[in-house]
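# Observations on chain architecture
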Amino acid sequence: MDKIIEILKGIKPSADISENTALIDEHIIDSLAMINLVGTLSDEFDVDISARDITPENFATPAAILTLIERLEDED
């Protein structure tokens, strides 16, 4: 979780981000930030995030992102 929050703070340094921060609703990530985030998460966690994985539900909060990463790691 800490690594995900660190990545998000790198994208939006001024944001106060915790495990349950509403990333999309609070406008912390937009479409351009999402592209950057997906690439960084893929590299950092060595997972393949496909287009079908890029949904508001999977990126709603850092906790949701962690759930996505864990699922993708289990699929490998």
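Report on the accompanying structure. (Residues numbered from 1 in each chain as written. Predicted model: local features only at pLDDT ≥ 70, side-chain atom pairs only at ≥ 80, totals over all residues. Heavy atoms only, no water.)

## Brief notes about the pattern of salt bridges
- Overall, the coordinates contain five salt bridges when judged by the stated rule.
- Note that Lys3 is salt-bridged to Glu6, the shortest N-O span being 3.2 Å. Highlighted residues: Lys3 and Glu6, both in helix 1 (residues 2-11), separated by three residues, approximately one helical turn.
- By relative accessible area, which is 48% here, Glu6 ends up partly exposed.
- Between Glu75 and Arg71 there is a salt bridge, and its shortest N-O distance comes to 2.9 Å. Of the two residues, Glu75 and Arg71 are both situated in helix 3 (residues 62-75); the distance of four residues between them amounts to about one turn of the helix.
- The class of Arg71 is partly exposed, set by a relative accessible area of 31%.
- Taken together, the shared-partner salt bridges in this structure form one network comprising Arg52, Asp53, Arg71 and Glu75. (Salt bridge = Lys/Arg side-chain N within 4 Å of Asp/Glu carboxyl O. Helix = DSSP H or I, 4+ residues; strand = E, 2+ residues; numbered from the N terminus. Buried < 20%, exposed > 50% of the residue type's maximum accessible area, 1.4 Å probe, protein only.)

## Digging into a negative patch on the surface
- Together, Asp43, Asp46, Asp48, Glu70, Glu73, Asp74 and Asp76 give the surface a local cluster of negative charge.
- For the negative patch, the leading source of residues is helix 3, giving three residues.
- Mapped onto the fold, Asp76 is located in the segment after helix 3. (Patch = residues over 30% accessible without salt bridge, like charges linked within 9 Å, V, L, I, M, F, W, Y side chains within 5 Å. Areas by Shrake-Rupley, 256 points an atom, 1.4 Å probe, with all protein chains shown as cover. Lys, Arg positive; Asp, Glu negative; His and termini not counted. Charge placed at Lys NZ, Arg CZ, Asp CG, Glu CD.)

## Quick notes on the packing of helix 2 (residues 31-45) against helix 3
- At a minimum axis distance of 12 Å, the contact between helix 2 and helix 3 shows a crossing angle of 45 degrees. Between helix 2 and helix 3, the interaxial angle falls into the category oblique. For the pair helix 2 and helix 3, the crossing hand works out as right-handed. On helix 3, the residues touching Leu37, Leu41 and Phe45 of helix 2 are Ile65, Ile69 and Glu73. (Axes fitted to C-alpha atoms, helices over the stretch in contact; angles between N-to-C directions. Parallel < 35°, antiparallel > 145°, perpendicular 65-115°, else oblique. Left-handed = near helix turned anticlockwise from the far one by under 90°. Contact = heavy atoms within 4.5 Å.)

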